[in-house]
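An overview of the molecular structure
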Amino acid sequence: MERLLHSRGRLVVLGLLAFAGMIALEWVTEDEAIGLADFLADALSLALLVATCVSAALIAIDVKEQRAERTALLGDLERATAEGAEWRKRAEDQLDLFRGAIGGQFDEWDATPAERDVGHLILRGLSHKEIARLRRTSEATVRQQAQSLYRKANLPNKGAFAAYFLDDVLYVGSPQADGALRS
């Protein structure tokens, strides 16, 4: 950033020097006496020309900076995408095991296919109303299937059901806090 300000400042100084040089050249090369109005008109014309050139150069600097930023951002995005893909690849094996363990637990509870479906959707965080809409059934039916699954699991409610599977998975903290939560 400091380098950028330095190069911009240098460009403005060069523009001012170019303006002064062009005015001096105009003054020296003029064959006849020049009036104040003509001098000011020439000065304004030259000032506009120099300002246009300096502005074009500043825009070119901005474009170059934006290209460099874009390249850096694209590189960051590419690295983040690759890291995310690698994480998903590593996590997928663990998730497959976890999904299998959930299915195995449903087997132990003798859950019906409907109860399994409702159970999976509850674990995904959906409400009974959302599950009913997805399954094209009534909310009362979903609630009944969920209650049946909770009874088979010997769990009191949806929160306990979710915690049964997710408590250890989502746990982040110290062993002391974990002990306090479990006692």
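Residue positions are given per chain, counted from 1 along the sequence in the order it is written. The predicted nature of this model means local features are confined to residues of pLDDT at least 70 and side-chain atom pairs, given and counted, to a pLDDT of 80 or more, with totals for whole chains, interfaces and linings taken over all residues. In computing side-chain values, all of the structure's heavy atoms are included and hydrogens and water are not.

**Considerations on the overall build of the chain**
- Secondary structure assignment for the chain yields 7 helices and 0 strands.
- Under the scheme used here, helices are H or I runs from DSSP no shorter than 4 residues and strands are E runs no shorter than 2 residues, and both carry numbers assigned from the N terminus. Secondary structure elements in the chain, listed N-terminal to C-terminal, are α-α-α-α-α-α-α.
- When accessible area is computed with a 1.4 Å probe and restricted to protein chains, residues below 20% of their type maximum are described as buried, those above 50% as exposed, and intermediate ones as partly exposed. Counting over 183 residues, the chain shows a buried share of 20%.
- By definition, residues are in contact when any of their heavy atoms lie within 4.5 Å. Sequence-distant contacts in the chain: of pairs separated by 6 or more residues, those separated by 24 or more amount to 57%.
- Per-residue and other accessible areas follow the Shrake-Rupley method at a 1.4 Å probe size, with only the shown protein chains counted as cover for residues. For the chain, the accessible surface area stands at approximately 13,500 Å², while carbon and sulfur atoms represent 60% of it.

**Here's the deal with a negative patch on the surface**
- Together, Glu30, Asp31, Glu32 and Asp38 make up a region of like negative charge exposed at the surface.
- With respect to the secondary-structure elements, aspartate 31 resides in the loop between helix H1 (2-29) and helix H2 (36-108).
- Residue class for aspartate 31 comes out exposed when judged on its relative accessible area of 79%. Exposure above 30% relative accessible area and no salt bridge define the residues that can form patches, which grow by joining like charges within 9 Å and nonpolar side chains of Val, Leu, Ile, Met, Phe, Trp and Tyr within 5 Å. Salt bridges are defined by distance alone: a side-chain nitrogen of Lys or Arg within 4 Å of a carboxyl oxygen of Asp or Glu. Charge assignment in this entry is limited to Lys and Arg as positive and Asp and Glu as negative, and neither His nor the chain termini are counted. In plain terms, the charge of a residue is placed at NZ if it is Lys, CZ if Arg, CG if Asp and CD if Glu.

**Examining helix H3 (residues 113-123)**
- For H3, the complete set of buried residues consists of Glu115, Val118, Gly119, Leu121, Ile122 and Leu123.
- If you follow the buried residues of H3, they end up packed against H2, helix H4 (128-135), helix H5 (139-153) and helix H6 (158-170).
- Glycine 125 sits one or two residues past H3 and shows a positive phi near 95°.

**Digging into the packing of aromatic side chains**
- When two rings of Phe, Tyr or Trp (its six-membered ring) have centres within 6.5 Å they constitute a pair, described as stacked for plane angles under 30 degrees, edge-to-face for angles over 60, and tilted for the intermediate range. Across all of its chains, the model carries 9 aromatic pairs by this definition.
- Between phenylalanine 106 and phenylalanine 165, the ring centres sit 5.8 Å apart and the planes meet at 85°, which makes this aromatic pair edge-to-face. In this pair, phenylalanine 106 is assigned in helix H2 and phenylalanine 165 in helix H6, connecting sequence segments 59 residues apart.
- Judged by relative accessible area, which is 0%, phenylalanine 106 ranks as buried.
- Owing to a relative accessible area of 8%, phenylalanine 165 belongs among the buried residues under this scheme.
- With a centroid separation of 5.1 Å and an interplanar angle of 80°, the aromatic rings of tyrosine 164 and phenylalanine 165 are classed as edge-to-face.
- Owing to a relative accessible area of 43%, tyrosine 164 belongs among the partly exposed residues under this scheme.
- Linked through ring pairs, Phe106, Trp109, Tyr150, Phe161, Tyr164 and Phe165 together constitute an aromatic cluster.

**Section: the packing of H3 against H4**
- The axes are straight lines fitted to the C-alpha atoms, using for helices just the contacting stretch, and the angles between their N-to-C directions are given from 0 to 180°. Here H3 crosses H4 at 130°, and the two axes come no closer than 10 Å. It follows that H3 is oblique to H4 by the angle criterion. Pair H3 / H4 crosses with right-handed handedness. Only His128, Ile131, Leu134 and Arg135 of H4 make contact with H3, whose side of the interface consists of Ala114, Asp117, Val118, Leu121 and Ile122.
- Residues belonging to the contact of H3 with H4 are distributed by class as follows: 6 nonpolar, 1 polar and 2 charged. Note on angle classes: values under 35 degrees are labelled roughly parallel, values over 145 roughly antiparallel, values of 65 to 115 roughly perpendicular, and the remainder oblique. Left-handed describes a crossing whose near helix is turned anticlockwise from the far helix through less than a right angle; right-handed describes the clockwise counterpart. When residues are grouped by polarity, Ala, Val, Leu, Ile, Met, Phe, Trp, Tyr, Cys and Pro land in nonpolar, Asp, Glu, Lys and Arg in charged, and all others, Gly among them, in polar.

**Thoughts on the nonpolar core**
- Nine residue types can take part in a nonpolar core, namely buried Ala, Val, Leu, Ile, Met, Phe, Trp, Tyr and Cys, and a core is a set of them joined through side-chain atoms within 4.5 Å. Formed by 19 residues in total, the largest nonpolar core has its most connected members in Phe106, Trp109, Ile122, Ile131, Phe161 and Phe165.
- When contributions to this core are tallied by element, the ones reaching two or more residues are H2, H3, H4, H5 and H6.
- The biggest single contributor to this core is H5, with 5 residues.
- Not counting the four nearest positions on each side in its chain, tryptophan 109 is found in contact with Leu149, Lys152, Ala153, Leu155, Phe161, Tyr164 and Phe165.

**Quick word on the pattern of salt bridges**
- Overall, the coordinates contain 8 salt bridges when judged by the stated rule.
- The shortest N-O distance in the salt bridge between arginine 116 and aspartate 107 comes to 1.9 Å.
- Residue aspartate 107 is classed as partly exposed on the basis of its relative accessible area, which comes to 46%.

**Here's the deal with H2**
- For H2, with 73 residues, the first-to-last C-alpha span of 102 Å sits near the 108 Å given by 1.5 Å per residue.
- Largest kink in H2: about 30°, centred on glutamate 92. Multiply 1.5 Å by the residue count of a helix minus one, and that product is the helix's expected span. Fitting axes to the seven residues that end at a residue and to the seven that start at it, the angle between those axes gives the bend at that residue.

Geometric descriptors of this kind do not, in isolation, establish any biological role.
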